[in-house]
Amino acid sequence: MEKLQTKLFETATQGSISSLQQLLKEDTLILDRAVVNSFTETPLHVAAMLGHVDFVKEIIELKPQLVNELNSQKSSPLHLASAKGHVDVVKALLSADQGTCLARDRNELTPIHLAASKGRVEVMRVLLEAQPHAARLTVYGGESILHLCVKRYQLEALKLVVETVDETHELVNSKDVDGNTALHLAVADKQVETTKFLVSVGGVELVNAVNNEGMTTVDVLIRSRRDVRDSEIEESLKQARGCGSKMKTNNYIPLTNCKNQKKNRWDNRNWLEQTKSTLMIVATLIATMAFQIGVNPPNVWKENSHTVIAGIAGSILAINFFESQLYCLFYFLNTTSFVASLSIILLLISGLPLTRKFFMWILMVITWIAITTIALCYAIAVFLVTPHGKDELSQIKKPILQVIAIMISAWSYLMALLLIAHTIRMIVKFVKKLKKRKLERKSSAAAASQRNNGNSNITAV
């Protein structure tokens, strides 16, 4: 009996119909025994794999049930014939049972998935005609047939599926468990022609689809290794109005702007370095002026001043206005300006990450304090050194003092408004950033949950 089974498989390998008929005369149940015995494959598997179409038709006529038998890899004869590209064998098998188009092997692949992976376009035509729905079945990792075509570099197979299947839009925009479309994979792998075709089919929605990492196809291109093919891919994405995920607005931003993100960040960094150098010079100058005013304030002589006490060192201003609140305010503002300037210098040489918005805001506030207080010191000093009598000279200078006071006050109010506006702006951005992070955490959690559910479904299958 075992010899007959061995001869049967040898006959299937040769595709000899006459030998098969001779074996059936010796044992009419030989085909049934091939099914119930512990063989890894049936004779129909062997014949389908080798493309013996006449032998396949003969077996189907004798025992059509063998069409649905699976081997150790859970592959049907149609799986093997599709992978090998035997069109006539595929047609013969489908004539017996078209339902085998939906059968999955051990790797969850259907016959059309295998044909697409191998680029068997003619076989795919036959399978799609028999069961168009088979092209919509996903495999491991939530990948569609288009994902498989991109991974196996089968552009013609991909075009056939897109041109044949109804509701192409849904299929082209389908994502795997990582949120990647077939276009994401094509751009990452620098497949120029595939990218052009998918862009022409999917348009703006496909180009700007975001994966689980928040990356569009433009982001994938920018962050991938540089390649000579990038310019062609870039042009295709640009024509479809592609943009980076972090740059999305109501109006799509051109790809060239997305590509220049790194350059813009570098320009901003250079601007910050130049600004810090300028601030260092300004802070040093203000500190010098504040120090000089502090140790050498203006001397004031007045006709009605107190008698100068011999041996008292220091400013006449201190003697004449020591009890005045204006004198105390003068030194308070001067000291504040001096300390603020020193703080600016300390921050600039401390090595803190001043490129961050919060630290730049702190630096801006301290700079505003230093400049404003030194300006107020100037106004008070002008007032103190100007005669305040009823003589003609004093009457002439009085309007000048009023104008200076008005200008300094207006300038101080304007600077205060700018400071408040920048502070409100920073607070608004901070709140938006917190909301965005919260949404990202929710979306990440949802994606992780979806991924876990997908893995559970795959395991169940």
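Rules and cut-offs
Residues numbered from 1 in each chain as written. Predicted model: local features only at pLDDT ≥ 70, side-chain atom pairs only at ≥ 80, totals over all residues. Heavy atoms only, no water. Helix = DSSP H or I, 4+ residues; strand = E, 2+ residues; numbered from the N terminus. Buried < 20%, exposed > 50% of the residue type's maximum accessible area, 1.4 Å probe, protein only. Contact = heavy atoms within 4.5 Å. Areas by Shrake-Rupley, 256 points an atom, 1.4 Å probe, with all protein chains shown as cover. Patch = residues over 30% accessible without salt bridge, like charges linked within 9 Å, V, L, I, M, F, W, Y side chains within 5 Å. Salt bridge = Lys/Arg side-chain N within 4 Å of Asp/Glu carboxyl O. Axes fitted to C-alpha atoms, helices over the stretch in contact; angles between N-to-C directions. Parallel < 35°, antiparallel > 145°, perpendicular 65-115°, else oblique. Nonpolar A, V, L, I, M, F, W, Y, C, P; charged D, E, K, R; others polar. Expected span 1.5 Å × (residues − 1). Bend = angle between axes of the 7 residues up to and from the residue. Phe/Tyr/Trp six-rings, centres within 6.5 Å; stacked < 30°, edge-to-face > 60°. Core = buried A, V, L, I, M, F, W, Y, C linked by side-chain atoms within 4.5 Å. UniProt positions renumbered as here; feature names shortened; annotations may be inferred. Lys, Arg positive; Asp, Glu negative; His and termini not counted. Charge placed at Lys NZ, Arg CZ, Asp CG, Glu CD. pLDDT = per-residue confidence, 0-100.

### Considering the overall build of the protein chain
Consideration 1: Secondary structure summary: the protein chain contains 22 helices and zero strands in total.
Consideration 2: Classification of the 461 residues of the protein chain by burial places 41% in the buried group.
Consideration 3: When contacts within the protein chain are restricted to residue pairs at least 6 apart in sequence, long-range pairs at least 24 apart make up 68% of them.
Consideration 4: Split by element, the accessible area of the protein chain, about 26,300 Å² in all, is 57% carbon and sulfur.

### Considerations on a nonpolar patch on the surface
Consideration 1: Residues L417, I420, I424 and V428 make up a contiguous nonpolar surface patch of about 370 Å² in total accessible area.
Consideration 2: For I420, a relative accessible area of 47% gives the class partly exposed.

### Regarding the pattern of salt bridges
As a working rule, side chains carrying opposite charge can pair if their charged atoms are close by.
Consideration 1: In this structure the tally under the stated criterion is six salt bridges.
Consideration 2: The partner of K151 in a salt bridge is E143, and the shortest N-O contact between them spans 2.4 Å.
Consideration 3: Among the residues examined, E143 registers a relative accessible area of 6% and is labelled buried.
Consideration 4: A salt bridge links K238 to E235; its shortest N-O distance comes to 3.8 Å. Of this pair, K238 and E235 both sit in helix 16 (residues 230-239), three residues apart, which is roughly one turn of the helix.

### Remarks on the packing of helix 5 (residues 53-62) against helix 7 (residues 87-96)
The relative placement of two packed helices is expressed as an angle between their axes plus a distance between the axes.
Consideration 1: Closest axis-to-axis distance for the helix 5/helix 7 pair is 9 Å, and the angle between their directions is 10 degrees. Relative to helix 7, the element helix 5 is oriented roughly parallel. On helix 7, the residues touching V53, V56, K57 and I60 of helix 5 are D88, V89, A92, L93 and A96.
Consideration 2: Split by residue class, the contact of helix 5 with helix 7 holds seven nonpolar, no polar and two charged.

### Overview of helix 14 (residues 192-207)
Consideration 1: End to end, helix 14 covers just 14 Å across 16 residues, shorter than the expected 22 Å (1.5 Å per residue, more than 12% under).
Consideration 2: In helix 14, a bend of some 85 degrees at V201 exceeds every other bend along the element.
Consideration 3: Where the residues of helix 14 are buried, they touch helix 10 (145-151), helix 11 (155-164), helix 12 (168-172), helix 13 (182-188), helix 15 (217-223) and helix 16.

### Side note on the packing of aromatic side chains
Consideration 1: A full pass over the atoms with the stated rule returns two aromatic pairs.
Consideration 2: Each ring, one from F330 and one from Y331, has its centre 5.6 Å from the other, and the planes form 85 degrees; the classification is edge-to-face.

### With respect to the nonpolar core
Consideration 1: Membership of the largest hydrophobic core comes to 72 residues, with the highest contact counts inside it found for L93, M124, L127 and L146.
Consideration 2: A total of seven residues in this core trace back to one element, the largest contributor, which is helix 9 (residues 121-130).
Consideration 3: Apart from the residues lying within four places of it in its own chain, the contact partners of L93 are L44, A48, V56, I60, V67, P77, L78 and A81.
Consideration 4: In terms of nonpolar packing, the next biggest core, distinct from the first, is built from 13 residues, A283, A290, A340 and I366 among them.

### As for the UniProt feature "repeat: ANK" (unreviewed entry) in the protein chain
Consideration 1: In this structure's numbering, the residues bearing the UniProt feature "repeat: ANK" (unreviewed entry) are residues 73-95, 107-129 and 178-202.
Consideration 2: Across residues 73-95, the secondary structure splits into 74% helix and 0% strand, with the terminal C-alpha atoms separated by 23 Å.

### Concerning the packing of helix 2 (residues 17-26) against helix 5
Consideration 1: Taken N-terminus to C-terminus, the directions of helix 2 and helix 5 make an angle of 30 degrees; their axes are 10 Å apart at the nearest point. In terms of orientation, helix 2 and helix 5 fall into the roughly parallel class. Contacts between helix 2 and helix 5 pair I17, L20, Q21 and L24 from the former with D54, F55, E58, I59 and L62 from the latter.

### A word on the UniProt feature "transmembrane region" (unreviewed entry) in the protein chain
Consideration 1: In the numbering adopted here, UniProt assigns the feature "transmembrane region" (unreviewed entry) to residues 329-349, 361-384 and 404-428.
Consideration 2: A distance of 30 Å separates the end C-alpha atoms of residues 329-349, which is 100% helix and 0% strand.
Consideration 3: Span residues 404-428 is 100% helix and 0% strand, its end C-alpha atoms 36 Å apart.

### Section: a positive patch on the surface
Consideration 1: Taken together, K433, K436, R437, K438 and R441 make up a surface patch of like positive charges.
Consideration 2: Within the element layout of this structure, K438 appears in helix 22 (residues 392-460).

### Topic: the environment of L114
Consideration 1: Along the chain, the position of L114 falls in helix 8 (residues 111-118).
Consideration 2: Judged by its relative accessible area of 15%, L114 falls in the buried class.
Consideration 3: The contact partners of L114, leaving out residues within four places of it in the chain, are H79, A83, D105 and L109.

### Considerations on the environment of A416
Consideration 1: Residue placement: A416 occurs in helix 22.
Consideration 2: Taking the C-alpha atoms as reference, A416 lies 8.4 Å from W368; in sequence the two are 48 residues apart.

### Examining unusual backbone geometry
Consideration 1: Of note in this structure, E108 is not a glycine but carries a positive phi near 70 degrees.
Consideration 2: Mapped onto the secondary structure, E108 falls in the loop between helix 7 and helix 8.
Consideration 3: Residue E108 is classed as buried on the basis of its relative accessible area, which comes to 14%.

### As for the environment of F330
Consideration 1: Within the fold, F330 resides in helix 20 (residues 325-349).
Consideration 2: Distance from F330 to A379, taken between C-alpha atoms, is 9.4 Å for residues 49 residues apart in sequence.
Consideration 3: F330 has contacts with I293, C377, I380 and A381, leaving out every residue within four places of it along the chain.

### Quick word on the side chain of T110
Consideration 1: Among the secondary structure elements, T110 is positioned in the loop between helix 7 and helix 8.
Consideration 2: Those residues within four positions of T110 in sequence are excluded, and the remaining contacts are H79, C101, L102, A103, R104, A134 and L137.

### Examining the confidence of the model for the protein chain
Consideration 1: Looking at the protein chain as a whole, its pLDDT mean stands at 78, while 76% of the residues score no less than 70.
Consideration 2: Here residues 247-253 is a poorly scored stretch, pLDDT under 50, and it has 15 contacts once near neighbours within four places are set aside; other chains count.
Consideration 3: Low confidence marks residues 454-461, where pLDDT is under 50. Its contacts with residues over four positions away, or in another chain, come to four contacts.

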